[in-house]
Amino acid sequence: MKITRVIYTAKPDYVEINKKNIETVMKAVRALNSPDLKYATFLQEDGTTFMHLAFTTNQEANDLLTNLPEFKFFTSELRAKGIENPPKTEHLSLVASGYDIF
């Protein structure tokens, strides 16, 4: 299993656009209906810091996400117009879970 966490701060005037772009990505992810991909995005209390969590069973499932046209548009627009603090990417290892992720 691969777990990726990305955290970044968007410009305040870009937050709503970012949310809409993320919603578009999530619709595309749902349409994939892949049992090997779990993806969620959260907005922190400050209202501008986003955290993305992707759980994939393998590299192919990870590539499903990153190769989506909607995901590519989201990331390119964010980099071009919306970043206040650059993304920090971390790869996590699961220690334990109270539920089945896959």
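What counts, and where the lines are drawn
- Residues numbered from 1 in each chain as written.
- Predicted model: local features only at pLDDT ≥ 70, side-chain atom pairs only at ≥ 80, totals over all residues.
- Heavy atoms only, no water.
- Helix = DSSP H or I, 4+ residues; strand = E, 2+ residues; numbered from the N terminus.
- Buried < 20%, exposed > 50% of the residue type's maximum accessible area, 1.4 Å probe, protein only.
- Contact = heavy atoms within 4.5 Å.
- Polar contact = N/O pair within 3.5 Å; in protein donor to acceptor, adjacent residues only side chain to side chain.
- Salt bridge = Lys/Arg side-chain N within 4 Å of Asp/Glu carboxyl O.
- Pairing = 2+ DSSP bridges.
- Axes fitted to C-alpha atoms, helices over the stretch in contact; angles between N-to-C directions.

1. Focus on the environment of T49
Then comes step 1: Summarising the element assignment, T49 is placed in strand β3 (residues 49–56).
Then comes step 2: Since its relative accessible area comes to 7%, T49 is described here as buried.
Then comes step 3: For T49 and E16, which are 33 residues apart along the polypeptide, the C-alpha to C-alpha distance reads 12 Å.
Then comes step 4: Beyond its immediate stretch of four places on either side in the chain, T49 contacts I7, Y8, T9, F42, L43 and Q44.
Then comes step 5: Among the polar contacts listed, one links the side chain of T49 to the side chain of D46, at a separation of 2.5 Å.

2. Looking at the pattern of salt bridges
Then comes step 1: Overall, the coordinates contain four salt bridges when judged by the stated rule.
Then comes step 2: A salt bridge links R5 to E90; its shortest N-O distance comes to 2.2 Å. Note that R5 is positioned in strand β1 (residues 2–10) and E90 in strand β4 (residues 83–92), a separation of 85 residues in sequence.
Then comes step 3: In this structure, the salt-bridge partner of K19 is E16, at a minimum N-O distance of 3.3 Å. In this pair, K19 and E16 both sit in helix α1 (residues 15–32), three residues apart, roughly one turn of the helix.
Then comes step 4: Classification of K19 by relative accessible area gives partly exposed; the value is 29%.
Then comes step 5: When its relative accessible area of 48% is taken as the criterion, E16 is described as partly exposed.
Then comes step 6: A single network of salt bridges, built from pairs that share partners, joins R5, K88 and E90.

3. Structural notes on the side chain of N18
Then comes step 1: The topology assignment puts N18 in helix α1.
Then comes step 2: Excluding residues within four positions of it along the chain, N18 makes contact with Y8, F50, F74 and L78.

4. Observations regarding the sheet that holds β3
Working definition: the strands of a sheet are paired by backbone hydrogen bonds and lie parallel or antiparallel to each other.
Then comes step 1: Spatially, β2-β3-β1-β4 is the arrangement adopted by the four strands of the open sheet, whose pairing is antiparallel. Looking at which strands have only one partner, the edges of the open sheet turn out to be β2 (37–43) and β4. This sheet shows a mean twist of 15 degrees between the axes of neighbouring strands, independent of strand direction.
Then comes step 2: Here seven bridges tie β1 to β4, and the two strands are oriented antiparallel to one another. By the bridge assignment, T4 is partnered in β4 with H91.
Then comes step 3: The strands touched by α1 are β1, β2 and β3; relative to β2, the strand with the most contacts, the crossing angle is about 165 degrees.
Then comes step 4: Its contacts with the sheet put helix α3 (residues 69–82) on β1, β2, β3 and β4, and the angle it makes with β4 is roughly 135 degrees.

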